[in-house]
Amino acid sequence: MTVFEELRAGKSYDIRDEKYQREAHGEMKRCRHLCWQINSTDPSDTQKIIELENELLNGQMKDGCFFTPPFQVDLACCLRIGKNVFANHGLTVMSLGGITIEDGVMLGPEVGLFTVNHEPNNIRVVKTKEIRIKKNAWIGARVNILPGVTIGENAIVGTGSIVTKDIPDHAVAVGNPARIVKMIEKK
């Protein structure tokens with residue numbers, strides 16, 4: 001198993017471990033370089049940005065997907081993206097635990113997706129939990145989503161929220177920590 005598979009299966013890893021260093025840091029280096037290239041590209045050269053984003057995300061940027069630079073993705077190999085996904089500028093993705101973003105998701109400016117945490121008794125040991133954002137969810141500006149959270153289909157998370165628990169389908173959630181304030185009528 002790879003480090004990424006072991007982490008998704010619940011294993012914790014010491015960041016000084018040789019296997020972790022080789023696999024995770026190798027992918028981090030690749031992603032930092034490609035993010036730097038994307039973020040350094042003239043914003044009017046949309047085609048070049050799309051080509052570089054496709055290279056970064058292993059061909060997943062298709063069918064209307066676009067991440068507005070600047071952004072940072074640490075481990076693109078752990079990120080799965082559906083169709084028509086849009087992320088506004090300032091996206092920060094720490095995807096060691098795996099992130100799935102389904103079709104039609106909209107991410108506002110400066111959203112943070114964080115799948116990694118550290119053991120309290122040894123901060124050199126990381127543990128992860130997957131994040132899943134279901135179809136047509138809308139994540140407002142400066143929202144932070146923490147490890148293990150699922151955002152439901154057609155859910156809305158309001159600006160500045162910190163999401164620590166799952167948000168169900170068709171819910172509107174806001175606050176720190178985010179809490180459900182209403183449900184959206186299905187049409």
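Residues numbered from 1 in each chain as written. Predicted model: local features only at pLDDT ≥ 70, side-chain atom pairs only at ≥ 80, totals over all residues. Heavy atoms only, no water.

Draft legend 1. Expanded view of the packing of helix H2 (residues 18-39) against helix H3 (residues 46-56). Close contact between H2 and H3 brings their axes to 9 Å; oriented N to C, the two are set at 170°. On the basis of their axis angle, the class for H2 and H3 is roughly antiparallel. On H3, the residues that touch Arg30, Cys31, Leu34, Cys35, Gln37 and Ile38 of H2 are Ile49, Leu52, Glu53, Glu55 and Leu56. Classifying every residue of the contact of H2 with H3 gives seven nonpolar, one polar and three charged. (Axes fitted to C-alpha atoms, helices over the stretch in contact; angles between N-to-C directions. Helix = DSSP H or I, 4+ residues; strand = E, 2+ residues; numbered from the N terminus. Parallel < 35°, antiparallel > 145°, perpendicular 65-115°, else oblique. Contact = heavy atoms within 4.5 Å. Nonpolar A, V, L, I, M, F, W, Y, C, P; charged D, E, K, R; others polar.)

Draft legend 2. Seen up close, the sheet that holds strand S6 (residues 92-94). Here five strands make up an open sheet; going across it, the order is S3-S6-S9-S14-S17 and the pairing parallel. Looking at which strands have only one partner, the edges of the open sheet turn out to be strand S3 (72-73) and strand S17 (162-163). As paired elements, S6 and strand S9 (residues 112-114) share three bridges and run parallel to each other. Paired with Val93 across the bridge in S9 is Leu113. (Pairing = 2+ DSSP bridges.)

Draft legend 3. Structural detail: H2. Look at H2: 30 Å from first C-alpha to last across 22 residues, which is about the 32 Å you get at 1.5 Å a residue. Within the sequence span of H2, burial applies to Tyr20, Ala24, Glu27, Met28, Cys31, Leu34, Cys35 and Ile38. (Expected span 1.5 Å × (residues − 1). Buried < 20%, exposed > 50% of the residue type's maximum accessible area, 1.4 Å probe, protein only.)

Draft legend 4. Main features of the nonpolar core. Counting residues in hydrophobic clusters, the biggest one holds 42 residues, and the most contacted among them are Leu56, Ile133, Ile145 and Ile151. Those elements giving two or more residues to this core turn out to be H2, H3, strand S2 (66-67), strand S4 (79-81), strand S7 (99-101), strand S12 (131-133) and strand S18 (171-175). Counting residues per element, this core draws most heavily on H2, which supplies four residues. Ignoring sequence-local partners within four residues, the contact set of Ile145 consists of Gly112, Leu113, Phe114, Ile131, Ile133, Ile139, Ile151 and Val163. Listed in part, the 11 residues of the second largest apolar core include Phe4, Leu7, Tyr20 and Ala24. (Core = buried A, V, L, I, M, F, W, Y, C linked by side-chain atoms within 4.5 Å.)

Draft legend 5. Representation of unusual backbone geometry in the model. Going from Pro69 to Pro70, the amide bond is cis rather than trans, its omega being -5°. Looking at where Pro70 falls in the secondary structure, it is placed in the loop between S2 and S3. Here the residue pair Asn176 and Pro177 is connected by a cis peptide bond, since its omega of -5° sits within 30 degrees of zero. Positive phi is not limited to glycine here, since Asn84 has a value of about 55°. By relative accessible area, Asn84 is classed as partly exposed at 45%. Although it is not a glycine, Asn154 adopts a positive phi angle of roughly 60°. Within the fold, Asn154 resides in the loop between strand S15 (150-151) and strand S16 (156-157).

Read these as geometric descriptors, not functional statements.
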